[in-house]
Amino acid sequence: MESKHEHQLKVSTTDLEVGMYVARLDRPWTDTPFLFQGFFIGSQDDIDELRRVCQYVYIDLERHDEESPRAKSQGTRNYRPATQITSPNVAKSHVDSEKRPGDTHHAYPMEEELPAAKLAFDDANRAMHEMITKLENDGRLDVQFAVVAIEPMVESVLRNPDAMIWLTRMKKHNSYMYNHSVSSSIWGIAFARHMGLNKGALRDIGLGCMLFDVGKTRLPQALLSKPDKLNETEWHVVRNHVQYSLNLLEGTSQLTQTTLDLVRSHHERHDGSGYPDGLNGNEIPMSAKIAGIVDSYDAITTARPYSHLRSPYEAVREIYTWRGTLFQSEVVEQFMQVVGVFPTGSLVELNNGAVAVVLAQNDTRRLKPRIMLVLDEKKQRLPQFATLDLMFDSHLKGADKVWIEKGLEPGAYGIDPEELYL
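All figures in this text were calculated on a predicted structure; none of them were measured in a lab.

This part covers the overall build of the protein. Of the regular secondary structure elements, the protein holds 16 helices and 10 strands. Put simply, the protein has 422 residues, and 54% of those count as buried. For the protein, the proportion of contacts with a sequence separation of at least 24, taken over those separated by at least 6, is 67%. With an accessible surface of roughly 18900 Å², the protein has 49% of that area assigned to carbon and sulfur atoms.

Dropping the structure here:
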């Protein structure tokens, strides 16, 4: 070992032990599967993963996970944000008045929940279409369409968020507003669930994410479909959609202040660079912090006239680079735990060359999700898609020697996402 910085030691990965705190790696974090810059080693699996990608790391001598026997005995990765996520704008009743839904494990397996999730998803897309069509025809926004649609979505996400998240990958290229609104709503509900907010808060946040772009119906269509980047004047016009949305929602009795705050502030940014009010830090309501991240994530993973479609894996990487600037670092790290390193519904390539789609996350091991094998090691289509849980199926022959090597672009190797998600 050799000294490096005060309180840090450079340690070969062959000498790592459970309980150590990894402060730095021997390469950029973005070149590895680890999204969190600094974490406790919670299991031998963590050590094996570090040995696979690094020759040495830097250990913080002042931090040791002695007080977490659960991490040692159960093999959970014990990530800890440096500070608690706090906001004076989170209504206390949202946290205390009901049982925190995010505290429980998934009540239903993803495959069992998928039919109900699909029904709720389709109903929500129809509701958005009818609501926007009615708005465009007679100028009146009937939010009851969204209010009715949101309840089954919340119930589904509470049972198992992976099913709804899986369906966000089913995007039609000719209806960005509907798809983006519903997908953002699903991500918002899932994130709020993870944060431990109660059912009422999940409903408020889901509604806000579904409605935050309704003001874009007041913008010139040519501006929304422009294939090139917008100039400064055009950006100023587009930013008006926030006020247009608020005008349309004004006086609507079905919406709470939490929902309206989300709509107003979902483009505010942690460093004060957002709009319309230039809020920063904890001036931004927690509901809007949630909405800002899910809005950005879904937009990155959706093809639009001025940007190409990027993979969920790329989106996760990009959002992680914005921590501490556009978004609060701790909120970003919590969102990473919702989507996973390799998000549900994304295509991945294994170390043996096989290709799979991620079916569901394992909450304690984000590098080891449950996957469905689509192509074999020679990139040939499998006659039957087999499922493999990279965390729990290590007892199967050779399963413990398989890991995800990298994320893939949507449609890689000619795989049609539609056939996988139905």
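The discussion continues.
Before going further, it helps to spend a moment on helix H8 (residues 199-211). The terminal C-alpha atoms of H8, which comprises 13 residues, lie 18 Å apart, in line with the 18 Å expected from a rise of 1.5 Å per residue. The N-cap residue of H8 is Asn198: its side-chain oxygen and the backbone nitrogen of Gly200 are 2.9 Å apart.

Ordered by their spatial adjacency, five strands build an open sheet running S9-S8-S7-S6-S10, and the pairing between neighbours is antiparallel. Whereas interior strands pair on both sides, the edge strands pair on one side only; in this sheet they are strand S9 (381-389) and strand S10 (404-407). In this sheet, neighbouring strand axes are inclined to one another by 35 degrees on average, regardless of whether the strands run parallel or antiparallel. As defined by bridge partners, strand S6 (residues 347-350) adjoins strand S7 (residues 355-360) across three bridges and the pair is classed as antiparallel. Bridged to Val348 within S7 is Ala356.

This paragraph deals with unusual backbone geometry. Looking along the chain, the bond that leaves Tyr275 and enters Pro276 is cis, with omega of 10 degrees. As for its placement among the helices and strands, Pro276 is situated in the loop between helix H12 (257-265) and helix H13 (286-300). Despite not being glycine, Lys379 has its phi angle at roughly 65 degrees, a positive value. By the secondary structure assignment, Lys379 is in the loop between strand S8 (370-375) and S9. For Lys379, a relative accessible area of 25% corresponds to the partly exposed category.

Next up on the list: the packing of H8 against H12. Where H8 meets H12, the axes come as close as 8 Å, and the angle between the chain directions of the two elements is 35 degrees. The handedness of the crossing between H8 and H12 is right-handed. Residue-level contacts link Asp204, Ile205, Leu207, Gly208 and Cys209 of H8 to Thr258, Thr259, Leu262 and Val263 of H12. Among the residues forming the contact of H8 with H12, the class breakdown is five nonpolar, three polar and one charged.

Formed by 83 residues in total, the largest nonpolar core has its most connected members in Met153, Leu211 and Phe335. By residue number, the principal contributor to this core is helix H4 (residues 110-138), which donates 11 residues. If we ignore the near neighbours within four places in the chain, the residues touching Leu211 are Met131, Val143, Ala146, Ser245, Leu249 and Leu255. Of all hydrophobic cores here, the second largest spans 15 residues; its members include Val341, Val348, Ala354 and Val402.

Evaluation of the coordinates by the stated rule reveals 15 salt bridges. The partner of Lys199 in a salt bridge is Glu151, and the shortest N-O contact between them spans 3.5 Å. Of this pair, Lys199 sits in helix H8 while Glu151 is found in helix H5 (residues 144-159), placing the two residues 48 residues apart along the sequence. The class of Glu151 is partly exposed, set by a relative accessible area of 27%. The salt bridge partner of Glu234 is Lys226, with a shortest N-O separation of 2.7 Å. Residue Glu234 is classed as buried on the basis of its relative accessible area, which comes to 17%. Here Lys226 falls in the buried class, since its relative accessible area comes to 19%.

Between H13 and helix H15 (residues 329-339), the least distance of the axes is 11 Å, while the angle of their chain directions is 55 degrees. It follows that H13 is oblique to H15 by the angle criterion. You can see that H13 and H15 cross each other, and the crossing is right-handed. Of the residues in H15, those touching H13 at Lys289, Ile293, Val294 and Tyr297 are Val331, Val332, Phe335 and Val339. Grouping the constituent residues of the contact of H13 with H15 by class yields seven nonpolar, no polar and one charged.

The rules behind the values
- Residues numbered from 1 in each chain as written.
- Predicted model: local features only at pLDDT ≥ 70, side-chain atom pairs only at ≥ 80, totals over all residues.
- Heavy atoms only, no water.
- Helix = DSSP H or I, 4+ residues; strand = E, 2+ residues; numbered from the N terminus.
- Buried < 20%, exposed > 50% of the residue type's maximum accessible area, 1.4 Å probe, protein only.
- Contact = heavy atoms within 4.5 Å.
- Areas by Shrake-Rupley, 256 points an atom, 1.4 Å probe, with all protein chains shown as cover.
- Expected span 1.5 Å × (residues − 1).
- Polar contact = N/O pair within 3.5 Å; in protein donor to acceptor, adjacent residues only side chain to side chain.
- Pairing = 2+ DSSP bridges.
- Axes fitted to C-alpha atoms, helices over the stretch in contact; angles between N-to-C directions.
- Left-handed = near helix turned anticlockwise from the far one by under 90°.
- Nonpolar A, V, L, I, M, F, W, Y, C, P; charged D, E, K, R; others polar.
- Core = buried A, V, L, I, M, F, W, Y, C linked by side-chain atoms within 4.5 Å.
- Salt bridge = Lys/Arg side-chain N within 4 Å of Asp/Glu carboxyl O.
- Parallel < 35°, antiparallel > 145°, perpendicular 65-115°, else oblique.

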